[in-house]
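Here is what each chain is made of, one letter per residue.
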Amino acid sequence: MKITEVTIRHLKMRLKHPFTTSFGTIQDKEFLLLEAKDESGRIGWGESVAFEAPWYNEETMKSTWYILEDFLIPIILNKEILHPDEVSESFQGIRKNCMAKSTIEGAIWDIYAQTQNQSLMEVLGGTKEKIEVGISIGIQPTMEQQVAVVEKAIKDGYKRIKVKIKPGWDINVMRTLREHFPDVPMMADANSAYTLEDIELLKQLDEFNLTMIEQPLAYDDIIDHAALQKQLKTPVCLDESIHSLEDTRKAIELGACGVINIKIGRVGGISEAKRIHDYCEEHGIPVWCGGMLESGIGRAHNIALTTLSNFVMPGDTAGSSHYWEQDIIEPEVVVENGYITVPQQVGIGYKPNLEAINRYTVSSRVYR
Ligand SMILES: O=C(O)CCC(=O)C1=CC=C[C@@H](O)[C@@H]1C(=O)O
Ligand SMILES: [Mg+2]
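Computed from a prediction, not measured in an experiment: that's the story for all the values here.

J.: Would you mind going over the UniProt feature "binding site: Mg(2+)" (unreviewed entry) in the chain with me for this structure?
T.: Here the UniProt feature "binding site: Mg(2+)" (unreviewed entry) sits at Asp 189, Glu 214 and Asp 239. Of the residues just listed, which span 51 residues, no C-alpha pair is farther apart than 9.3 Å, and they cluster in one region. The residue Asp 189 is located in strand β6 (residues 186-189) in this model. Given the relative accessible area of 1%, Asp 189 is considered buried. Apart from the residues lying within four places of it in its own chain, the contact partners of Asp 189 are Lys 162, Val 163, Lys 164, Ile 165, Glu 214, Gln 215 and Asp 239. Relative to the helices and strands, Asp 239 resides in the loop between β8 (236-238) and α9 (245-254). Ignoring anything within four residues of it in the chain, the contact list for Asp 239 reads Tyr 56, Asp 189, Glu 214, Gln 215, Asn 261, Lys 263 and Arg 266. Polar side-chain contacts of Asp 239 include one of 2.8 Å to the side chain of Lys 263.

Following this line, the structure appears as structure tokens:
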């Protein structure tokens, strides 16, 4: 295939409920959608998971646009591509900027699946008809609201509840939630809000029988997490610190984690995500698919990836209606009793809803 045209759109979608973590609150999700067209007119879609501001990692919506426009699109346009794995190889001369790389790589995987007349799941080698899903719940204004939101998520059937913690909103929250819901699979995500000086506090989390504690220490750290993991019974899960297969190898060799959260955007695309998945499988480290409050396009990629065999823990893949009044795909992503049925259609399996996409679009640009 040859990519002959790329369109980048800046979208703004209002979340039904503000999402609060240890580093801030998001109400309006602004992000980029990328539409790639090949010489036969096939269209593939990718989503940039970079936020407006660099608080999760260093990338932003604008930085991904700039890197795509000045560096990545020129590498890809009108070049013969036999397999999407070639895309990440051709980006090797550009350091980091994983979310920018993943935006266009995802669209190329979509087109590649269409050239094979297969679903994205099939070309990735996934096998599941249904995937088990969990939900990520932001920090609520009061403890009563936190309990109520968790209760609703449990009633909705989610298989695992993830809550956000931060200093001052940690042991008290987990204790209250455990009093109300003693047996529900539950985990905590700190988004790097602690340091090794907090080790006594973090050790107290062991009493709540959590499936894991996600990224308690610095966003770029592996070494301190290894020291922490040695003193905790609860498995540590790395999110922010893992950008590549190499990071994964180092984290596992050091004993920095018992679980890895794979986010396609954070690791530079589906090819690298699959390599990390395979390496973790060989080394007995379970993985699950993280979320970045994606629209349906990014979510479709996450669902296909989750069909790989070592995604043995529920991901942060709530249904479309949890986030949006109207999503930008048809049908929308539906969660039933904690499962999403994986679409079998060719490509990403969901149809982009162009009417909704246009309604949410703030600006766009075409590259030929
Ligand atoms: O529902 C989702 O898409 C997951 C949301 C979620 O937990 C996260 C989204 C964005 C940044 C982080 O706060 C975070 C995470 O760290 O996993
Ligand atoms: Mg996280």
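J.: When you look at the side chain of Asp 206 in this model, what are you seeing that I'm missing?
T.: Here Asp 206 is to be found in the loop between α7 (199-204) and β7 (213-214). No salt bridge is formed by the buried Asp 206; the nearest opposite charge belongs to Lys 233, separated by 4.6 Å. In this structure the side chain of Asp 206 is engaged in a polar contact, spanning 2.5 Å, whose partner is the side chain of Thr 234. Not counting residues within four places of it along the chain, the set of residues in contact with Asp 206 comprises Gln 231, Leu 232, Lys 233 and Thr 234.

J.: What's the story with the sheet that holds strand β3 (residues 43-47) in this structure? I'm lost.
T.: Within a sheet, adjacent strands bond to each other through the backbone by hydrogen bonds, running parallel or antiparallel. One open sheet holds the 4 strands; their spatial order is β3-β2-β1-β15, and the pairing between them is antiparallel. This sheet does not close on itself; its edge strands, each paired only once, are β3 and β15 (361-367). For this sheet, the mean inter-axis angle between neighbouring strands, taken without regard to orientation, is 20 degrees. The pairing of strand β1 (residues 3-21) with strand β2 (residues 24-38) spans 14 bridges and is classified as antiparallel. Across the sheet, residue Phe 19 finds its bridge partner in β2, namely Ile 26. The sheet contacts of helix α3 (residues 98-115) involve β1, β2 and β3, and relative to β3 the element is tilted by about 150 degrees.

J.: Teacher, can you tell me more about the coordination of the magnesium ion (ligand 2) here?
T.: Tetrahedral coordination by four donors puts the ideal angle at the metal at 109.5 degrees, and octahedral coordination by six puts it at 90 or 180 degrees. Around the magnesium ion (ligand 2), the protein supplies Asp 189 (OD), Glu 214 (OE) and Asp 239 (OD) as donor atoms, at distances of 2.2 to 2.3 Å. We note that the donor set of the magnesium ion (ligand 2) lies within a single chain, spaced as D-x24-E-x24-D. With a gap of 25 residues between them, Asp 189 in strand β6 and Glu 214 in strand β7 connect regions that are remote in the sequence. Exposure remark for Glu 214: the relative accessible area of 0% places this residue in the buried category.

J.: Would you mind going over the site of ligand 1 with me for this structure?
T.: Taken together, 19 residues lie around ligand 1, and Ser 136, Asn 191, Lys 263, Leu 293 and Tyr 323 are the ones closest in. Between ligand 1 and the protein, one listed contact pairs an oxygen atom with a side-chain N or O atom of Ser 136 at 2.7 Å. In the environment of ligand 1, an oxygen atom lies 3.1 Å from a nitrogen or oxygen atom belonging to the side chain of Lys 164. Considered on its own, ligand 1 offers 400 Å² of accessible surface; in the complex 99% of this is hidden by protein. Looking at the shell around ligand 1, the elements that each hand over two or more residues are β1 and β5 (161-164). When residues of the shell around ligand 1 are assigned to domains, at least three fall in each of domain 1 (3-117 + 352-367) and domain 2 (122-350).

J.: Would you mind going over the nonpolar core with me for this structure?
T.: Judged by nonpolar contacts, the single largest core of 122 residues is most densely connected at Ile 3, Ile 161 and Met 174. Take this core: its biggest share by element is 9 residues, from α3. Sequence-distant contacts of Met 174, that is, excluding residues within four places in its chain, are made with Val 163, Ile 165, Met 186, Met 187, Ala 188, Leu 205, Phe 208 and Leu 210. With 5 residues, the next largest nonpolar core counts Met 187, Met 212, Val 259 and Trp 288 among its residues.

Calculation notes
- Residues numbered from 1 in each chain as written.
- Chains lettered and ligands numbered in written order.
- Predicted model: local features only at pLDDT ≥ 70, side-chain atom pairs only at ≥ 80, totals over all residues.
- Heavy atoms only, no water.
- UniProt positions renumbered as here; feature names shortened; annotations may be inferred.
- Helix = DSSP H or I, 4+ residues; strand = E, 2+ residues; numbered from the N terminus.
- Buried < 20%, exposed > 50% of the residue type's maximum accessible area, 1.4 Å probe, protein only.
- Contact = heavy atoms within 4.5 Å.
- Polar contact = N/O pair within 3.5 Å; in protein donor to acceptor, adjacent residues only side chain to side chain.
- Lys, Arg positive; Asp, Glu negative; His and termini not counted.
- Salt bridge = Lys/Arg side-chain N within 4 Å of Asp/Glu carboxyl O.
- Pairing = 2+ DSSP bridges.
- Axes fitted to C-alpha atoms, helices over the stretch in contact; angles between N-to-C directions.
- Donors = N, O, S within 2.8 Å, 3.2 Å for Na, K, Ca; no water.
- Near = heavy atom within 4 Å.
- Areas by Shrake-Rupley, 256 points an atom, 1.4 Å probe, with all protein chains shown as cover.
- Domains from an automatic or database assignment.
- Core = buried A, V, L, I, M, F, W, Y, C linked by side-chain atoms within 4.5 Å.

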